[in-house]
Amino acid sequence: MGYSAIRTVRLLPQGAKFITVDVNPESAAVATEMISFAGLQDRIIQFISDSAEAIPQLKTKFNVETFDMVFIDHFKDAYIRDIKLLETNKLLRKGTVLVADNIIYPGAPDYAEYVRTCGKY
């Protein structure tokens with residue numbers, strides 16, 4: 001969560017919101033330290049929760065209509081669940097950039113197949 005967030009936020013316009021979701025409090029604590037060291041604690045919002053619980057709350061908790069970009073990098077078997085939750089909660093729109101890490105190796109074949117064949121992406 002920390003390194004990817006830092007590298008990405010540094011490229012975003014000043015007023016952009018960047019929300020991270022991490023299920024592991026220990027790794028989130030490390031990310032918090034990295035984010036603070038980078039001086040970006042005011043630009044990165046950390047949400048410690050399982051993504052299945054977090055995604056339905058994003059609109060109301062953080063006043064988000066849709067995302068410009070989504071970067072998925074967690075348990076590969078949850079990628080398909082999460083993209084469908086993002087769709088169901090209307091957090092994706094035409095033009096949203098969707099990036100998923102390591103879909104080839106170690107792999108998220110169900111996610112890759114869905115994105116390739118669903119007709120939405």
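Residues numbered from 1 in each chain as written. Predicted model: local features only at pLDDT ≥ 70, side-chain atom pairs only at ≥ 80, totals over all residues. Heavy atoms only, no water.

1. Here's the deal with the pattern of salt bridges
Throughout the structure, instances matching the rule amount to five salt bridges. In this structure, Arg93 and Asp68 form a salt bridge, with 2.2 Å as the shortest nitrogen-oxygen distance. Here Asp68 lies in the loop between helix H4 (58–62) and strand S3 (69–72) and Arg93 lies in the loop between helix H5 (79–88) and strand S4 (97–100), a separation of 25 residues in the sequence. On the accessibility criterion, Asp68 (54% relative accessible area) is exposed. We note a salt bridge from Lys76 to Asp73, for which the minimum N-O separation is 3.4 Å. In this structure Lys76 comes out as buried when scored by relative accessible area, which is 16%. When salt bridges with common partners are traced through the structure, they connect Asp50, Arg81 and Asp82 into a single cluster. (Salt bridge = Lys/Arg side-chain N within 4 Å of Asp/Glu carboxyl O. Helix = DSSP H or I, 4+ residues; strand = E, 2+ residues; numbered from the N terminus. Buried < 20%, exposed > 50% of the residue type's maximum accessible area, 1.4 Å probe, protein only.)

2. Some points on the pairing of S4
Bridge analysis of S3 against S4 gives four bridges, and the strand direction is parallel. Following the sheet pairing, Phe71 is matched in S4 by Val99. Crossover S3 to S4 through H5 is right-handed. (Pairing = 2+ DSSP bridges. Right-handed = clockwise from strand over helix to strand, strands pointing away.)

3. A closer look at the nonpolar core
Ranked by size, the top nonpolar core spans 20 residues in total, and within it Leu58, Phe67, Leu86 and Leu91 carry the most contacts. Of all the secondary-structure elements, those providing two or more residues to this core are H4, S3, H5 and helix H7 (109–117). Here this core takes five residues from H5, the largest share from any one element. Sequence-distant contacts of Phe67, defined by excluding residues within four places in its chain, comprise Ile19, Leu58, Leu86, Leu91, Arg93 and Thr96. Counting residues in each nonpolar core, the second largest holds eight residues, with Ala5, Val9, Ala31 and Ile44 among its members. (Core = buried A, V, L, I, M, F, W, Y, C linked by side-chain atoms within 4.5 Å. Contact = heavy atoms within 4.5 Å.)

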